[in-house]
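The primary structure of each chain is shown beneath.
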Amino acid sequence: LGLVYEIRMRRKNESNTPNGIIFLGDLDPLATDGSWETGYIFKYQNSGQWGLSMYTGGTLHGIAGAFSSAITPDWNKLTVWRVGDEISVWINETFLGTYPNSAYYFGYVGVGMVESSPSDPSPLLVDWAKVYYSANPPYAK
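In this report, the structure presented in the accompanying data block is examined. (Residues numbered from 1 in each chain as written. Predicted model: local features only at pLDDT ≥ 70, side-chain atom pairs only at ≥ 80, totals over all residues. Heavy atoms only, no water.)

## Looking at the overall build of the protein chain
- Within the protein chain, the regular secondary structure consists of zero helices and ten strands.
- Here the C-alpha radius of gyration of the protein chain, 14 Å, is about what a compact globule of 141 residues would show, namely 14 Å.
- Over its C-alpha atoms, taken along the principal directions, the protein chain stretches across nearly 45 × 35 × 25 Å.
- When the 141 residues of the protein chain are sorted by exposure, 43% land in the buried category.
- Considering only contacts in the protein chain between residues 6 or more positions apart, those separated by 24 or more positions represent 58%.
- Taken as a whole, the protein chain presents about 7,100 Å² of accessible surface, with 52% of it coming from carbon and sulfur.
- Distance between charge centroids for the protein chain: 8 Å, based on 9 positive and 13 negative side chains. (Helix = DSSP H or I, 4+ residues; strand = E, 2+ residues; numbered from the N terminus. Rg over C-alpha atoms; globule rule 2.2 N^0.38 Å. Buried < 20%, exposed > 50% of the residue type's maximum accessible area, 1.4 Å probe, protein only. Contact = heavy atoms within 4.5 Å. Areas by Shrake-Rupley, 256 points an atom, 1.4 Å probe, with all protein chains shown as cover. Lys, Arg positive; Asp, Glu negative; His and termini not counted. Charge placed at Lys NZ, Arg CZ, Asp CG, Glu CD.)

Here it is as structure tokens:
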């Protein structure tokens, strides 16, 4: 069975800072800035960029990323399906690709954002999130 992690989220105001979901990660230890040091992150920016990366010992390693017209400045649904050694990702049910990676097979899930202007905060809203197992991809590939 594969792990599906899905979330509907919206970032107000900031178009060039990442927001995303962390999966198969570990909270112990946290980096000094409060970020996770281990796990995968699937992120997007309201400007249309997305990325899939992996944290190893606090260092971020890019796996994939590009521009997608599926990303909106409003609500976005991020979906990850991890099965075997492959990670498949969708934004708003638009397939972005399948990427081989076998670094992590278990861990926690979370939500994160980068705040570029602490004096003028931009909230991250989460409508819902769910994690479940599935032998089939949640959407067409």
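## Here we look at the sheet that holds strand S1 (residues 2–11)
- Strand order in the open sheet formed by five strands is S8-S7-S6-S1-S10, with antiparallel pairing between adjacent strands. Since the sheet does not close on itself, it has two edges, and those belong to strand S8 (94–100) and strand S10 (124–134), each with one partner. Each neighbouring strand pair of the sheet contributes to a mean axis angle of 15 degrees, computed without reference to strand direction.
- Relative to S10, S1 runs antiparallel, the two sharing ten bridges. Bridge pairing links Arg-11 to Leu-124 in S10. (Pairing = 2+ DSSP bridges. Axes fitted to C-alpha atoms, helices over the stretch in contact; angles between N-to-C directions.)

## Thoughts on the nonpolar core
- Phe-23, Phe-42, Trp-50, Leu-52, Leu-78, Val-89 and Ile-91 are the most contacted members of the largest nonpolar core, which has 23 residues in total.
- Only S1, strand S2 (19–30), strand S3 (36–44), strand S4 (49–56), strand S6 (76–83), strand S7 (86–91) and S8 provide two or more residues apiece to this core.
- Of all the elements, S1 adds the most residues to this core, at four residues.
- Excluding anything up to four places from it in sequence, Phe-23 contacts Tyr-5, Gly-39, Tyr-40, Ile-41, Phe-42, Leu-52, Val-80, Ile-87, Tyr-108 and Val-109. (Core = buried A, V, L, I, M, F, W, Y, C linked by side-chain atoms within 4.5 Å.)

## Focus: unusual backbone geometry
- Omega for the peptide link from Asp-28 to Pro-29 comes to 5 degrees, which places this bond in the cis form.
- Looking at the element boundaries, Pro-29 is found in strand S2.
- Positive phi, normally seen in glycine, also occurs at Asn-92, with a value near 50 degrees.
- With respect to the secondary-structure elements, Asn-92 resides in the loop between S7 and S8.
- Judged by relative accessible area, which is 25%, Asn-92 ranks as partly exposed.

## A closer look at the pairing of S2
- Note: S2 against S3, seven bridges, orientation antiparallel. When the bridges of S3 are listed, Leu-30 appears paired with Trp-36.
- Adjacent in sequence and paired antiparallel, S2 and S3 are bridged by five residues, among which Gly-34 carries a positive phi angle near 90 degrees.

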